[in-house]
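The chain contents come next:
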Amino acid sequence: MSTTELLDVHPSSRIHPAPQGFISKYVFSLDHKVIAVQYFITSGLFFVLAGLLAELLRVQLTQPHNTFLDSATFNEAFTVHGSSMVWLVTIPVLTGGFGNLIMPLQIGARDVAYPWLNMVSFWLFPPAGILLFGSFLLGAPQAGWTEYPPVSVLASPGTSMWCAAIFLIGISSTITGINFLVTIIKMRAPGMTWTRMPLFVWASAVTAFLNFIATANLSISLAVLFMQRVFHVPFYDPTRGGSPILWQHMFWFYSHPAVYIMILPAFGIISEVLPTMVRRPIFGYKAIAYSSVAIGLVSFMVWAHHMFTSGLAQWIQLPFMIMTMIVAIPTGVKVFSWVATLWGGRIRFTTPLLFALGFLSTFTFGGITGVFLASVPVDVHEHGTYFIVAHLHYVLFGGSIFGMFAGLYYWWPKMTGRMLNETLGKWHFWVMFVAFNATFLPMHWLGLLGMPRRVATYDPVFHGTNLFVSISAFVLGASMLIFAFNALRSARFGKPAGPNPWGGRTLEWMIPSPPPYYNFKELPVVVSGPYDYGKPLPYRNIDPAIMQLADAPAY
Amino acid sequence: MSKRPEEFRLDAGFWKVTGVLGIISALLMIGVAVFPIDSVLREASSVSTSIDFLFRFMAFFSVPIIVFVNGYIIYFAVRYRRRKDEPIASVGSPIHDHRALENTWMVVPTILMVVLGVLSYLAIPQYYLRGKDSAATLEAIGHTFYFEFRYPGLSHSVDEDLYLPVGVPVTIDLTSAEADEHLAVIHSFWVPEFRVKQDMIPGMIVPIHFTPTLIGKYDLICTEFCGVGHSEMRGHVLVVSRADFDAWYAGQQKSAAAKGARTIKLAAGNVSSGQAIFSQKCTACHNAAPFDQRKVGPGLENLFHDPAHPNLVDGKPANAADVAWILEHGFQGSMGAMPNQQANGLSSKDIADLIAYLQTLK
């Protein structure tokens, strides 16, 4: 088949008419880029709210026996903080935001496979957030983001709203999962074989698979919890033949893959930012791509490592310990490959690069403490303590959120057409990086010495450390103001970005910023992988004037 | 095969930095190897030493990974930064991969994981299996929000303080229960100095096994979120000499005979102390009078026996367990807010007493 024929039969060969009117352009939009911005704005709002809840928790913990929040309010605050950071911020931003914004552009598609489903998927999200935060009116859920029964069965009516909220998010994730899977499998530009895909697309593909397979399980668990709460069906009630441990299995069968749903896209972002800013091919492309697949598959076989103190039989703990330790190997491959990418580069110290390096440093630490938690005997001591709080924040904040900011600074010009201020960006990074470590590093120590998690007060011997942690957390929160100011400022004063300010070589940089609604005037044809710096670009059907910019980065 | 440009070989600078990172790692590893964990958190049971060994093993091998990853990030970032005089579009090394290097960083972590897995496996049975050598099997029961302990041969249970004789292997059967079984939640039994933790799960009995090795008083901490009183759910473990333990045990047996067995059943509340607590803590909002004689809340005279009001304010039937639930959790209703157990400063015993008293009113 000739190239022209290939283009004719391609699923996105036609350009649909442009949307007309405010509603179809900006509200019920079918355009993946607009939907991505909708995700960013909505999640950004919940990020602020959930972050403020975290600050309230840290105010309470500035001293033991503090009366700033009563015990019930404190429990509500950490539950909603955790739930919204996971389901209203990290997952929607990485999948709904970056996945929507970048993945279709990087595979050279005009949109996702099912634009209408994509819109539905987004519009399930704001109601979920309203339900979750609205639960404060009825008494918010109190049992932590994991909502273990029986506490979650006995707790206030708001817990049923929590079930409904997370159920909606779950449905949204499942829809997005299958939508993205089909998109990546069917809609790649002609010539883009699997091993020519950018690494963010690899990460998105595995994430979409996890979203599609694992999230259905979350929906079932939530429906069951809801049924027990409202109709008293005793799934988790040991007095009537159920078991509270059943929830833990069902919840973690989703929520462990969910950890990778929250980190794989960040891996993808780092794998894009590094080669562009280092200006050399990513080291070990195939190792990074296939290790994502390995992590995705193994992630289904490790869930019970969250349950080593739940009375599991010893023989069943062993396979979970072994599988968990296996995860360390592909993860190590990625980290070492990224470090090796830095070697021999021409590194430009832009804000996205700083966040990527920050990610490398903090995520490595979080990954290593993960191995500590895999070993059954050591986990027995650390489980349910501040060591876990520290570990999960190193992975989800030091990993996902640093990755998220790397991606935001990197693709902001593509999304908005304007640059963020680099000086402010660097201030943001350094304040955030130092404050992050000052906040979460001491928590390991607290946990090992005997401070349990989810407590509104603590042994007075931990006062000094907790005060230090709280002050650092306030600085960490304040660092976000620098970003907010920078983002607002860019609307007015940001320099016009042009199609390719960083000199990137993936397809999203081969079209104007912000991209037109049809993305590519002509579908591109891909003849090779994207990261061969110094060689001619592997694309046909791209405007030569834009192609030249890949060799003339502005920053 | 084209020759690599000279500048992309590993140069003397790289090996110098590698050496420095190696020395830093070695020093930190020595620090980890000799760090006196015991002086920071006492190793007070037979399993603490093996768990600390594993922790030290992992920390020991984590140090070089952290030092080399961070060290190389900083070194490469500085060494390979784009210089001011280089064109902005200049590109770096074209090297894509290096099979031997990639194999190394797969094989070395794999070996470490295998060793760690075997060591962990060997440490597990020490505390999970019911000890064949156990001198005694005790029971520990989690309640909202305190711990109850039962000893063989004692007809009553002991709250808050767990006495154990030093050097005697013990098995503790853990579970969770409430007077109303539907209200039982998951707790966890953690003594940091013992490095022992196990959830207390309603409907399940899970044994843990260890030998306390050091006389002292240790905190017993609930580490599984169990509700509004979770933050304050603490007990103590008192590890005492064999002679002291025997004396304590004999004293318990005697006082049991004197007091009569005390159970945690709500029915066992004390009416007169319940009356005292009522007048002290409840009369601000409730009269001991018929339902309609309200203050903030209704009169409680016929709480358990009022055909006109068979249900409580939360719609549950007016039985002892549901009254206890409201006392524990408080209530937010149209008439006002009733504080929970913590805010009211009620112990579980106080609640049992109050209910015993309220049941006498009619």
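Scoring rules and cut-offs
- Residues numbered from 1 in each chain as written.
- Chains lettered and ligands numbered in written order.
- Predicted model: local features only at pLDDT ≥ 70, side-chain atom pairs only at ≥ 80, totals over all residues.
- Helix = DSSP H or I, 4+ residues; strand = E, 2+ residues; numbered from the N terminus.
- Rg over C-alpha atoms; globule rule 2.2 N^0.38 Å.
- Buried ≥ 20, exposed ≤ 12 C-beta atoms within 10 Å, placed from the backbone.
- Contact = placed C-beta atoms within 7 Å.
- Nonpolar A, V, L, I, M, F, W, Y, C, P; charged D, E, K, R; others polar.
- Axes fitted to C-alpha atoms, helices over the stretch in contact; angles between N-to-C directions.
- Parallel < 35°, antiparallel > 145°, perpendicular 65-115°, else oblique.
- Domains from an automatic or database assignment.
- pLDDT = per-residue confidence, 0-100.
- Expected span 1.5 Å × (residues − 1).
- Core = buried A, V, L, I, M, F, W, Y, C linked by C-beta atoms within 7 Å.
- Pairing = 2+ DSSP bridges.
- Left-handed = near helix turned anticlockwise from the far one by under 90°.

### Observations concerning the overall build of chain A
Turning to step 1, where the next piece is worked out: Along chain A, the regular secondary structure elements total 18 helices and two strands.
Turning to step 2, where the next piece is worked out: For chain A, the C-alpha radius of gyration of 23 Å lies close to 24 Å, the compact-globule estimate for 555 residues.
Turning to step 3, where the next piece is worked out: Burial statistics for chain A: of 555 residues in total, 63% are counted as buried.
Turning to step 4, where the next piece is worked out: If you take every contact in chain A between residues at least 6 apart in sequence, the share linking residues at least 24 apart comes to 82%.

### Focus on the overall build of chain B
Turning to step 1, where the next piece is worked out: The secondary structure content of chain B amounts to 10 helices and 12 strands.
Turning to step 2, where the next piece is worked out: Within the span of chain B, comprising 362 residues, buried residues form 34% of the whole.
Turning to step 3, where the next piece is worked out: Here the analysis covers contacts within chain B between residues at least 6 apart in sequence; of these, 69% occur between residues at least 24 apart.

### Considering the interface of chain A and chain B
Turning to step 1, where the next piece is worked out: In this complex, chain A contributes 76 residues to the contact, which on the side of chain B involves 76 residues.
Turning to step 2, where the next piece is worked out: Counting residues per element, the ones that place at least two in the side of chain A that touches chain B are α4 (71-106), α7 (151-154), α10 (244-278), α11 (285-298), α12 (314-342), α13 (351-374) and α14 (376-382) of chain A.
Turning to step 3, where the next piece is worked out: Here the element with the most residues in the side of chain A that touches chain B is α12 of chain A; it accounts for 13 residues.
Turning to step 4, where the next piece is worked out: Per-class residue counts for the side of chain A that touches chain B are 45 nonpolar, 24 polar and seven charged.

### Digging into the packing of helix α3 (residues 32-60) of chain A against helix α5 (residues 115-123) of chain A
Residues and elements named next belong to chain A.
Turning to step 1, where the next piece is worked out: Axis separation between α3 and α5 bottoms out at 10 Å; the angle between their running directions is 10°. One element, α3, and the other, α5, form an angle in the roughly parallel class. Taken together, the residues of α5 that come into contact with α3 (itself represented by H32, I35, Q38 and Y39) are P115, N118, M119 and F122.

### Things to note about the domain arrangement of chain B
Residues and elements named next belong to chain B.
Turning to step 1, where the next piece is worked out: Domain annotation for chain B reports domain 1 (8-80 + 99-123), domain 2 (136-259) and domain 3 (266-360).
Turning to step 2, where the next piece is worked out: Contacts between domain 1 and domain 2 engage eight residues on the former and 13 residues on the latter.
Turning to step 3, where the next piece is worked out: Residues belonging to the side of domain 1 that touches domain 2 are distributed by class as follows: four nonpolar, three polar and one charged.

### Focus: the confidence of the model for chain B
Residues and elements named next belong to chain B.
Turning to step 1, where the next piece is worked out: On average, residues of chain B carry a pLDDT of 84, and 89% of them reach 70 or more.
Turning to step 2, where the next piece is worked out: Scored below 50 in pLDDT, residues 260-264 makes 10 contacts in the model with residues more than four places away or belonging to other chains.
Turning to step 3, where the next piece is worked out: Complex prediction metrics read pTM 0.86 and ipTM 0.92.

### Considerations on unusual backbone geometry
Turning to step 1, where the next piece is worked out: Here the bond from S513 of chain A into P514 of chain A is cis, since omega is -15°, no more than 30 degrees from zero.
Turning to step 2, where the next piece is worked out: Within the fold, P514 of chain A resides in the loop between α17 (463-493) and β1 (525-526).
Turning to step 3, where the next piece is worked out: Of note, the bond from T144 of chain B into F145 of chain B is cis; its omega dihedral lies within 30 degrees of zero at 0°.
Turning to step 4, where the next piece is worked out: Summarising the element assignment, F145 of chain B is placed in the loop between β1 (136-143) and β2 (146-150).
Turning to step 5, where the next piece is worked out: A positive phi angle, close to 45°, is found at E147 of chain A, a residue other than glycine.
Turning to step 6, where the next piece is worked out: Tracing the chain through its elements places E147 of chain A in the loop between α6 (125-138) and α7.

### As for helix α10 (residues 348-360) of chain B
All names here are of chain B.
Turning to step 1, where the next piece is worked out: For α10, with 13 residues, the first-to-last C-alpha span of 19 Å sits near the 18 Å given by 1.5 Å per residue.
Turning to step 2, where the next piece is worked out: Taken across its 13 residues, α10 has 10 buried, putting it largely inside the fold.
Turning to step 3, where the next piece is worked out: Three or more residues of α10 are buried, namely S348, D350, I351, A352, D353, L354, I355, A356, Y357 and L358.

### What about the nonpolar core?
Turning to step 1, where the next piece is worked out: Counting 261 residues, the largest nonpolar core has I270, V339, A356 and A406 of chain A as its most contacted members.
Turning to step 2, where the next piece is worked out: When residues of this core are assigned to their parent elements, the largest contribution, 22 residues, is made by α10 of chain A.
Turning to step 3, where the next piece is worked out: Residues in contact with V339 of chain A, not counting those within four places in the same chain, are L360 of chain A together with V69, Y72 and I73 of chain B.

### A short note on the sheet that holds strand β5 (residues 170-176) of chain B
In a beta sheet, neighbouring strands are held together by backbone hydrogen bonds and run either parallel or antiparallel to one another.
Residues and elements named next belong to chain B.
Turning to step 1, where the next piece is worked out: Reading across the sheet, the five strands line up as β3-β2-β1-β5-β8 and stay open at both edges, with mixed pairing between neighbours. Each having just a single partner strand, β3 (158-159) and β8 (206-210) make up the two edges of the open sheet.
Turning to step 2, where the next piece is worked out: With seven bridges joining them, β1 and β5 adopt parallel strand pairing. The partner of E139 across the bridge, within β5, is D173.

### Topic: the environment of I186 of chain B
Turning to step 1, where the next piece is worked out: In this structure, I186 of chain B sits in the loop between β5 and β6 (187-191).
Turning to step 2, where the next piece is worked out: Note: C-alpha distance between I186 of chain B and S255 of chain B (69 residues apart in sequence) is 31 Å.

### Topic: the pairing of β1 of chain B
Residues and elements named next belong to chain B.
Turning to step 1, where the next piece is worked out: Here β1 pairs with β2 via five bridges, running antiparallel. Across the sheet, the residue bridging to A140 is F149, located in β2.
Turning to step 2, where the next piece is worked out: Between the end of β1 and the start of β2, which pair antiparallel, lie two residues.

### Observations regarding the packing of α12 of chain A against helix α4 (residues 99-123) of chain B
Turning to step 1, where the next piece is worked out: Relative orientation of the contacting elements α12 of chain A and α4 of chain B amounts to 155°, with a least axis distance of 10 Å. In terms of orientation, α12 of chain A and α4 of chain B fall into the roughly antiparallel class. Between α12 of chain A and α4 of chain B lies a crossing whose hand is right-handed. Here L318, M321, I322, M325, A328, I329, G332, V333 and F336 of chain A of α12 of chain A come into contact with α4 of chain B, specifically with W105, M106, P109, T110, M113, L116, G117, S120 and Y121 of chain B.
Turning to step 2, where the next piece is worked out: When its residues are assigned to classes, the contact of α12 of chain A with α4 of chain B shows 14 nonpolar, four polar and no charged.

### Some words on the environment of L101 of chain B
Turning to step 1, where the next piece is worked out: By secondary structure assignment, the location of L101 of chain B is in helix α4.
Turning to step 2, where the next piece is worked out: Between the C-alpha atom of L101 of chain B and that of I23 of chain B, which follows or precedes it by 78 residues, the distance is 22 Å.

### Focus on the environment of P514 of chain A
Residue and element names in this part refer to chain A.
Turning to step 1, where the next piece is worked out: Assessed through the 17 C-beta atoms surrounding it within 10 Å, P514 is described here as partly exposed.
Turning to step 2, where the next piece is worked out: Expressed as a C-alpha distance, the spacing of P514 and F136, which sit 378 residues apart in the sequence, is 39 Å.
Turning to step 3, where the next piece is worked out: Setting aside residues up to four positions removed in sequence, P514 forms contacts with K33, M415, T416 and G417.

### Description of the pairing of β5 of chain B
All names here are of chain B.
Turning to step 1, where the next piece is worked out: β5 sits mainly inside the fold: five of its seven residues count as buried.
Turning to step 2, where the next piece is worked out: Sheet topology places β5 next to β8; five bridges connect them, and they run antiparallel. Within the sheet, the bridge partner assigned to D173 lies in β8 and is P207.

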